Amino acid sequence: MMTRSGHWHIQQIILVTLIGIVCGVVYQYGVNSLYNVCKVLVGPTGLSPFVDNVFAGLWFIAAPLSIYFVPAIGSATIGETLAALVEMFLGGQWGALTLAYGIVQGAGNEFGFFPNNYKTFTWLSCILGAIGAAVLSFIWDYFVSGYNHYGVVMLLLLLMTRIVSSIILDGVLVKLITLQFDSVWKKKQRLLSKNRT
């Protein structure tokens, strides 16, 4: 039976690797495809930078899922980096830069779980991790993606859009997914304890 462990046993290594692979495939063939369609549709309005930030939270989900299964320092960064690596090898449109994004996004998510030493996977830690990923990736985009050419008002609007996207998709959605895992595990534990008696 799968258990959460703060130690890197073979089961946790395999699980984080699978999370990275699945998320990388979803990023490349699901999220990126939808993102490209939206970017083309919104492009003529001049609001395409907002598309980047609306989708941002979807690109962050491998990190908290990895922390959920392996509550240890670095698991978010490893999970998100593996997802970025898979996305890159599947022909991701950002090429090798995808790998750097994965590191930044994963490291940002670590901020939400670091204060409680990765021991609990609470709503607060998920939301703080989502905000950390949003802010750190936004700083990265400021220097790498040309955000430094925008005015202050545009930067604030983009940052707020990214934070909201991240809270909803990287924080709330992932927490709801993990609550389903918790429910399944509790049912299995009850069944196991009944079988033993």
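Quick summary incoming for the structure in this document. Small disclaimer: the values here were computed from a predicted structure and weren't measured. (Residues numbered from 1 in each chain as written. Predicted model: local features only at pLDDT ≥ 70, side-chain atom pairs only at ≥ 80, totals over all residues. Heavy atoms only, no water.)

## Brief notes about the nonpolar core
Judged by nonpolar contacts, the single largest core of 30 residues is most densely connected at Ile19, Cys23, Tyr27, Trp59, Phe69 and Phe121. Counting only elements with at least two residues in this core, the list comes to α1 (10-42), α2 (48-55), α3 (62-69), α4 (75-89), α6 (123-144) and α7 (152-196). When residues in this core are grouped by element, the largest group, seven residues, is from α1. Formed by five residues, the second largest nonpolar core is a distinct cluster that contains Phe50, Phe138, Tyr147 and Leu155. (Core = buried A, V, L, I, M, F, W, Y, C linked by side-chain atoms within 4.5 Å. Buried < 20%, exposed > 50% of the residue type's maximum accessible area, 1.4 Å probe, protein only. Helix = DSSP H or I, 4+ residues; strand = E, 2+ residues; numbered from the N terminus.)

## Some words on the side chain of Glu87
For Glu87, the position within the fold is in helix α4. In this structure, Glu87 is buried with no salt-bridge partner, the nearest side chain bearing the opposite charge being Arg162 at 13 Å. A polar atom in the side chain of Glu87 sits 2.8 Å from the side chain of Asn32. Not counting the four nearest positions on each side in its chain, Glu87 is found in contact with Gly24, Tyr27, Gln28, Asn32, Trp59, Gly92, Trp94 and Thr98. (Lys, Arg positive; Asp, Glu negative; His and termini not counted. Salt bridge = Lys/Arg side-chain N within 4 Å of Asp/Glu carboxyl O. Polar contact = N/O pair within 3.5 Å; in protein donor to acceptor, adjacent residues only side chain to side chain. Contact = heavy atoms within 4.5 Å.)

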